[in-house]
Amino acid sequence: MELSPTYDPSTVEDKWYSYWMDHKFFHSEPDSRTPYTIVIPPPNVTGILHMGHVLNNTLNDVLIRKARMDGKNACWVPGTDHASIATENKVIQKLEAEGIHKEDLTREEFLKYAWEWKEEHGGIILKQLRKLGASCDWDRTRFTMEPELTKAVVNTFVYFYKKGLIYKGVRMVNWDPERLTALSDEEVVYKTTKRSFYYLKYFISDGKGKPTDKYIVIATTRPETIMADAAVAINPEEEEFHWLRGKKVLIPLINREIPIIEDSYVKIGFGTGCLKVTPAHDVNDYAIGLRHNLPVLDIIDDHGRLNEKAKILVGEDRFAARKKIVKMLEESGNLDHIDNNYESEIGYSERTNAVVEPKLSAQWFLKMDELAKTALASVDEGRVKLIPDKYRNTYRHWMENVHDWCISRQLWWGQRIPAYYLPDGRYVVESTLQEALEAAKKLDPSVKAEDLRQDEDVLDTWFSSWLWPISVFDPDMPGHPDHKPNRDLSYYYPTNDLVTGPDILFFWVARMIMAGDEFMGKEPFRNVYLTGIVRDSQGRKMSKQLGNSPDPLTLIQKYGADSVRIGMLLCASAGNDIFYDEKQVIQGRNFCNKIWNSYRLIKGWTVDEKLEQNDVNKLAVKWFDSKLNQAIETVEDHYSKFRISDALMTIYKLFWNEYCSWYLEMVKPAYGEPVDKATLEATLSFFDKLLKMIHPVMPFITEELWQDLAPRKDGETIMREKTPAAGEWDEKLLSDFDSAMEAVNGIRAIRQQKQISPKNALKLMVKGGFPEEMYPVVSKLANTESIEKVEDFGSSDGVSFMVRTYEMFVPLKGLVDVDEEIKKLEAELEYQKKFLETTRKKLSNENFTAHAPEKVVATERKKEQDSLSKIATLEAQLKSLK
RNA sequence: GGGAGCAUAGCUCAGUUGGUUCAGAGCGUCUGCCCUACAAGCAGAGGGUCGGGGGUUCAAAUCCCUCUGCUCCCACCA
């Protein structure tokens, strides 16, 4: 293979990805090996790859590739979720563009369009993941709304219903009166809006429904809802209003009598301190209503108009009604005053921009208390580990304050709730229409299939995804805890690690733990690695509006997938937000190029079989072998703690600094010269290990080079090689080498200062016990013509420097400014004296010597000794200079 | 309003149970180099009173208190 001077990923990546796919290297089947399983956090089927996915899936891929190379049977299950809200909205938008309105379609017609859309556009993201190098087992690709998984979801609903955990309740939803649909919280945009604050007089009733001359004033922004009032609330702590206790007041205009109640929800000092309670049209009022058993009177219809229950202004739009009623209240003398300088947050529909109307509606709920208790224990008792563990607090807080889960959604795209209504309004819950009919017949023998009406609502998408780690392997399991898990589920469950964002810790992670506990009696994973949010370099969230979200595929095209992966991981410590900057990808690209060129260098060497391995090479090989082994252990430790970016950085530095800058420079033959066989073999073997170490992070370039490194057969791949194991290392050798490197650095610094070219060989004199076996290394890398061990430097015409406690000297005739040297030495002497002083102060402190561990005291004594000897040396030098 | 977290070099972060030569890395910055692997590079250098204040200790970036600034989650105000 001819190698170009720079690495070109475009010629490499598709080639190897196809090779991996063709050989089914990603595919896993149960066998005798230990499994290592990850299920993908299913992206929206409508989604396209963004930087958050890149981060998440890069981490997943690193973990899965590492596990595969560690000899595990690695299985990464990919797939998508049907994302009810997002998908339904996209389909609606598309249809609107064609002039088709959802309201004009039947459910079946709409779903047909939706499936067509899904087939056409869905799953793009999975194709994109391949570009990133994701080694998913594509044969196992799943979709949360495919028939099998839908069955799992429906069965689960029936199971919990029959267990008594699912019930029908009332809940306030965000209603869009224009589109006539309920909105999810995410679809409501809150905007600060200037409004009028109306102060209304409510007269005290005389007990017979007639007003007295006493009144109270309440403040409201929605005077058109007063006809739905159920009470006026005061704070029990507020003595000013105690005279109202037990009294009743009359709603203006309609003169309906409502009680004064006391509730601590009312804030003292806000408004007038008297709150009109309207349970049907305000979330908080509804809660108060529940506490005080107040009647619920709904006076606004689906279109936002007052209905006949309002008694007055029937048929008027809520805003028109507001204007009119204010006038009426003014005329009746019930308007105290209007404050027009009031601002508050109002929810608007994301799509129609209509003001959202809180509306009571029937919904399905899943009781969470028991499930949450078990799921909390799973984390508390360490069966599921959160990384970083600061999220344990957050998790606990949520689980202890859990609300019942509202699982119904007023949409069509999703799993329809398997509740079937009889004509009389009673209902049965069964998995299929057939079973429902049988059950219904027990209630009413005359009932026929066509009489049964299935619930219109679908289930929350999370109600599918919480089954994901189970259902992807065995869709028959959820809903049937007594079912015997199939082969796949028994083998792959529980999965090992889950990588996801902290924003869905509760929505998804906690609920998966609940489902796992419920159906498998086992948590679905052992470790949950929570990533941060990807932000731009200024710390802003990535968003389409800001245009600060780069397209990952463009980046991959420009820099290569390996570079993008590196760029993401470099700054990705767990739990911290990621500040993405293209600079990091460039750094990754540069690293690819470094690896590439180090290979070009080695590849260009010619070997001379008869050549003896020289001392420098012998040492270099021994040293790098030690260095490598030490690094392998460090990397393993980082991985075991999920410190992926630290693991990457360790290998990065090992490759770039130790291998390229030091090792290769040491063993590199002079231009045109051959290298000895032993050194070449060692060099190639090191390179092979380095490639394997970095492969999980950089799959493409490593495969490309590994394939070229030695003759390979078809079907061989670096991805199925073993992670290099850490061998022994020689501490003394490493330490001696550090000294040698310091000496080299010292000489290089002198060259820089004195403008001496690296080509001019220098003399070096050494005092003290600097290890002699390191001389050849220093000589080669610092280009010295001689290294001499002396008692005395003999002359002062040169530059001295210290390496640890060894004194070194480079004679430089005529190049040295004596005054400058003296200054430098004096500064150093000053510093050493001060250092000695602090050390001695510590040592003379009896408390220190008495309390501190012996080891620490010994260190201090060593410091004192070293310092003393340095001072003596410096003083001698100064004397000779002067 | 309720809860959680963060603050270490210009930037992004390490710093394990307080204690091995007055705090480390990567990137960036500055200086000198195209020395035939790589200028997407090489060599060298500078840069931090560990947010402020107080306390515990022989010893604090590390433990405690307090102040300041920022972030996130939950509930959202008639």
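A short tour of the structure in this document, coming up.

The rules behind the values
- Residues numbered from 1 in each chain as written.
- Chains lettered and ligands numbered in written order.
- Predicted model: local features only at pLDDT ≥ 70, side-chain atom pairs only at ≥ 80, totals over all residues.
- Heavy atoms only, no water.
- Pairing = 2+ DSSP bridges.
- Helix = DSSP H or I, 4+ residues; strand = E, 2+ residues; numbered from the N terminus.
- Axes fitted to C-alpha atoms, helices over the stretch in contact; angles between N-to-C directions.
- Contact = heavy atoms within 4.5 Å.
- Near = heavy atom within 4 Å.
- Polar contact = N/O pair within 3.5 Å; in protein donor to acceptor, adjacent residues only side chain to side chain.
- Nonpolar A, V, L, I, M, F, W, Y, C, P; charged D, E, K, R; others polar.
- Phe/Tyr/Trp six-rings, centres within 6.5 Å; stacked < 30°, edge-to-face > 60°.
- Lys NZ or Arg CZ within 6 Å of the ring centre and 35° of its normal.
- Buried < 20%, exposed > 50% of the residue type's maximum accessible area, 1.4 Å probe, protein only.
- Parallel < 35°, antiparallel > 145°, perpendicular 65-115°, else oblique.
- Left-handed = near helix turned anticlockwise from the far one by under 90°.
- Core = buried A, V, L, I, M, F, W, Y, C linked by side-chain atoms within 4.5 Å.
- Salt bridge = Lys/Arg side-chain N within 4 Å of Asp/Glu carboxyl O.

### Remarks on the sheet that holds strand S22 (residues 497-500)
Then, number 1: Read across the sheet, three strands follow the order S15-S23-S22 without closing on themselves; strand pairing throughout is parallel. The open sheet terminates on both sides in strands that have one partner only, identified here as strand S15 (385-387) and S22. Going across the sheet, the axis of each strand differs from the next one's by a mean of 20 degrees, ignoring polarity.
Then, number 2: Sheet topology places S15 next to strand S23 (residues 527-530); three bridges connect them, and they run parallel. For Lys385, the partnering residue across the bridge sits in S23 and is Asn527.
Then, number 3: In the packing of helix H15 (residues 505-520) onto the sheet, contacts are made with S15, S22 and S23, and the angle to S22 comes to roughly 170 degrees.

### A short note on the sheet that holds strand S5 (residues 166-176)
Then, number 1: In spatial order, the strands read S6-S5-S14-S16; together these four strands make up an open sheet with antiparallel pairing. Strand pairing shows two members of the sheet lacking a second neighbour, strand S6 (181-183) and strand S16 (405-406), which therefore form its edges.
Then, number 2: Pairing geometry for S5 and strand S14 (residues 357-366), over ten bridges, is antiparallel. Bridge pairing in S14 places Tyr167 opposite Phe365.

### Focus: the protein's contact with RNA strand B
Then, number 1: Contacts to RNA strand B come from 58 residues, most closely from Tyr342, Tyr671, Asn745, Tyr831 and Asp866.
Then, number 2: In RNA strand B, the atoms that sit within 4 Å of the protein are 55% sugar and phosphate, with bases accounting for the remainder.
Then, number 3: Within the side chain of Lys267, one N or O atom sits 2.5 Å away from a base nitrogen of RNA strand B.
Then, number 4: The contact in question runs from a base nitrogen of RNA strand B to an N or O atom on the side chain of Tyr671, over 3.2 Å.
Then, number 5: If one sorts the elements of the surface near RNA strand B by residue count, helix H18 (residues 582-603) sits on top with nine residues.
Then, number 6: Along the lines of polarity and charge, the residues of the surface near RNA strand B split into 21 nonpolar, 22 polar and 15 charged.

### Some details on the side chain of Gln415
Then, number 1: Tracing the chain through its elements places Gln415 in the loop between strand S17 (408-409) and strand S18 (419-421).
Then, number 2: Within the structure, the side chain of Gln415 is placed 2.9 Å from the backbone oxygen of Thr144, a separation counted as a polar contact.
Then, number 3: A distance of 2.9 Å separates polar atoms of two side chains, one belonging to Gln415 and the other to Ser464.
Then, number 4: Those residues in contact with Gln415 that sit more than four places away from it in its chain are His82, Thr144, Met145, Thr150, Val153, Asp457, Val458, Leu459 and Ser464.

### Observations regarding the packing of aromatic side chains
Then, number 1: Here the structure, examined in full by the defined rule, presents 50 aromatic pairs.
Then, number 2: For the cation-ring pair, Lys102 lies above Trp412, with the distance from its terminal atom to the ring centre recorded as 4.6 Å.
Then, number 3: For Lys118, the ring lying beneath its charged end belongs to Phe143, and the centroid distance is 4.2 Å.

### Some thoughts on the environment of Trp76
Then, number 1: Following the sequence through the fold, Trp76 ends up in strand S2 (residues 73-77).
Then, number 2: According to the relative accessible area criterion, Trp76 is buried, its value standing at 0%.
Then, number 3: Note: C-alpha distance between Trp76 and Ile40 (36 residues apart in sequence) is 6.9 Å.
Then, number 4: Excluding residues within four positions of it along the chain, Trp76 makes contact with Ile38, Val39, Ile40, Asn57, Asn60, Asp61, Ile64, Ala134, Ser135, Cys136 and Asp137.

### What to know about the packing of helix H20 (residues 644-667) against helix H21 (residues 677-694)
Helix-helix packing is characterised by the crossing angle of the two axes and by the distance between the axes.
Then, number 1: Taken N-terminus to C-terminus, the directions of H20 and H21 make an angle of 165 degrees; their axes are 11 Å apart at the nearest point. Of the possible angle classes, the one that applies to H20 and H21 is roughly antiparallel. Between H20 and H21 lies a crossing whose hand is left-handed. Contacts from Leu648, Ile651, Leu654, Phe655, Tyr659, Tyr663, Leu664 and Val667 in H20 reach Thr679, Ala682, Thr683, Phe686, Phe687, Leu690, Met693 and Ile694 in H21.
Then, number 2: Considered class by class, the residues forming the contact of H20 with H21 number 14 nonpolar, two polar and no charged.

### Re the nonpolar core
When a protein is soluble and globular, its nonpolar side chains tend to lie buried together.
Then, number 1: Counting residues in hydrophobic clusters, the biggest one holds 190 residues, and the most contacted among them are Leu366, Tyr659 and Tyr663.
Then, number 2: By residue number, the principal contributor to this core is H20, which donates 14 residues.
Then, number 3: If we ignore the near neighbours within four places in the chain, the residues touching Tyr663 are Ala620, Val621, Trp623, Phe624, Glu658, Thr679, Ala682, Thr683 and Phe686.
Then, number 4: Ranked by size, the runner-up nonpolar core spans 29 residues in total, among them Ile226, Met227, Ala228 and Ile260.

### Side note on the pattern of salt bridges
Then, number 1: By the definition in use, this model includes 59 salt bridges.
Then, number 2: In this structure, Lys641 engages Asp637 in a salt bridge whose closest nitrogen and oxygen atoms are separated by 3.1 Å.
Then, number 3: Between Asp866 and Lys862 there is a salt bridge, and its shortest N-O distance comes to 2.9 Å. Here the residue Asp866 and the residue Lys862 both occupy positions in helix H27 (residues 854-881), the gap between them amounting to four residues, near one helical turn.
Then, number 4: By relative accessible area, which is 23% here, Asp866 ends up partly exposed.
Then, number 5: Using a relative accessible area of 51% as the deciding quantity, one classes Lys862 as exposed.
Then, number 6: Because the salt bridges share partners, they merge into one network encompassing Arg222, Glu224, Arg318, Arg322 and Glu357.

### A look at unusual backbone geometry
Then, number 1: Here the bond from Ile387 into Pro388 is cis, since omega is 0 degrees, no more than 30 degrees from zero.
Then, number 2: With respect to the secondary-structure elements, Pro388 resides in the loop between S15 and helix H10 (391-400).
Then, number 3: Here Tyr493 and Pro494 are connected by a cis peptide whose omega angle stands at -5 degrees.
Then, number 4: If you check the backbone angles, Leu253 has positive phi at about 70 degrees while not being a glycine.
Then, number 5: In this structure, Leu253 sits in the loop between strand S10 (248-250) and strand S11 (257-262).
Then, number 6: One non-glycine residue, Asn255, adopts positive backbone phi at about 55 degrees.
Then, number 7: Tracing the backbone shows Asn255 in the loop between S10 and S11.

### Brief notes about the packing of helix H19 (residues 615-640) against H21
Then, number 1: At a minimum axis separation of 11 Å, H19 and H21 run at an interaxial angle of 15 degrees. With respect to H21, the element H19 is oriented roughly parallel. Helix-helix and strand crossings are classified by hand; for H19 and H21 the assignment is left-handed. Residues Asn617, Val621, Phe624, Asp625, Leu628, Ala631, Ile632 and Val635 of H19 touch H21, and the partners they reach there are Thr679, Ala682, Phe686, Lys689, Leu690 and Met693.
Then, number 2: Residues of the contact of H19 with H21, tallied by class, amount to ten nonpolar, two polar and two charged.

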